Amino acid sequence: MTAPGRPKRTSRLWSALGVVLIFAGWELAARLMGPMLMATPLEALRSIGVLAGDPGFWAHSRDSLTRIAVGVGTGCGIGFALGVLAGHDARLRGLLEPLRWLLMAIPPVVVVVLAMLWFGLGSGMVIFITILMMAPGMYVNTVKGMRMIDAGLLEMGQVYRFGAWTRLRHIYLPALAAPLTAALLIAACGGVRLVVMAEVLGAESGVGYALANARSTFDSGRLYAWVLLILGLVALLEFLLLQPIQRRLTRWQEPSHA
């Protein structure tokens with residue numbers, strides 16, 4: 001009986017086929033629904049070229065990227081730090097549990113409405129919402145990862161008197177690699193969607209604001225151009241940032257490091 005091998009990597013050919021099927025379905029839906037309700041992929045791509053020549057395009061993109069970076073980065077940082085501390089201390093974990101449950105149970109739209117009352121329209125409201133929604137997911141994954149760390153490794157760190165930074169780098173981060181990278185992927189994709197949603201509902205600039213304007217003028221080409229750009233941003237975050245981080249954190253699990 002042969003031993004099971006390592007899981008195979010996702011086939012790029014099949015991934016490309018999946019993209020083709022999505023665009024084919026989009027083309028079919030656009031033809032059935034008509035140009036007023038849905039632009040075709042080609043029309044959306046043409047509208048991207050028009051958007052790139054608009055000075056407002058770069059201003060909206062800059063505002064949204066800043067909000068995503070600050071909101072997602074701060075939210076993940078807070079969630080990770082609290083998760084590491086709570087993984088060490090059961091009392092802190094119990095103290096934070098009601099707040100974690102509250103933040104994960106409350107609908108994002110309710111948070112948007114409250115943030116609009118507290119902060120008004122603008123970047124402050126969007127960043128506050130993003131931090132509040134991103135932190136719990138990172139916290140939960142970090143706590144679960146901390147509680148699964150081999151007790152023998154922790155005892156070894158105590159015997160050799162590892163400092164806080166050494167323990168974090170050589171014990172915690174390798175053990176947390178799998179849940180941490182999964183949480184980062186979810187946070188990045190969810191953060192982009194959350195920022196755009198908040199901008200649609202209550203911002204005076206940004207991609208979501210431009211998206212809402214295109215919807216109000218029934219400019220389906222421009223609307224779906226923004227949708228394509230949002231998808232492109234998520235793809236860039238995953239393939240150029242998150243996957244390299246994942247490979248670096250899990251490099252020790254490769255056969256050559258066994």
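Before going into details, it helps to say that this report is about the structure given with it. (Residues numbered from 1 in each chain as written. Predicted model: local features only at pLDDT ≥ 70, side-chain atom pairs only at ≥ 80, totals over all residues. Heavy atoms only, no water.)

**Structural notes on a nonpolar patch on the surface**
Step number 1: Where nonpolar side chains cluster on the molecular surface, the patch consists of Val-109, Val-110, Val-113, Leu-114, Leu-117, Trp-118, Phe-119 and Leu-201 and spans about 760 Å² of accessible area.
Step number 2: A total of seven residues in the nonpolar patch trace back to one element, the largest contributor, which is helix 5 (residues 108-119).
Step number 3: Accessibility expressed as a relative area gives 55% for Trp-118, which makes it exposed. (Patch = residues over 30% accessible without salt bridge, like charges linked within 9 Å, V, L, I, M, F, W, Y side chains within 5 Å. Areas by Shrake-Rupley, 256 points an atom, 1.4 Å probe, with all protein chains shown as cover. Salt bridge = Lys/Arg side-chain N within 4 Å of Asp/Glu carboxyl O. Helix = DSSP H or I, 4+ residues; strand = E, 2+ residues; numbered from the N terminus. Buried < 20%, exposed > 50% of the residue type's maximum accessible area, 1.4 Å probe, protein only.)

**Some remarks on the pattern of salt bridges**
Step number 1: As enumerated under the stated definition, the model contains seven salt bridges in all.
Step number 2: Close ionic contact of Arg-62 with Asp-63 constitutes a salt bridge, the shortest N to O distance being 3.8 Å.

**Description of the nonpolar core**
Step number 1: Formed by 46 residues in total, the largest nonpolar core has its most connected members in Trp-26, Ile-129, Tyr-224 and Trp-226.
Step number 2: Those elements that place two or more of their residues in this core are helix 1 (12-33), helix 2 (41-52), helix 3 (55-88), helix 5, helix 6 (123-147), helix 8 (164-202), helix 9 (207-216) and helix 10 (220-249).
Step number 3: Ranked by residues supplied to this core, first place goes to helix 8 with 11 residues.
Step number 4: Setting aside anything within four residues of it in sequence, one finds Tyr-224 in contact with Trp-26, Leu-37, Met-38, Ala-39 and Ala-44. (Core = buried A, V, L, I, M, F, W, Y, C linked by side-chain atoms within 4.5 Å. Contact = heavy atoms within 4.5 Å.)

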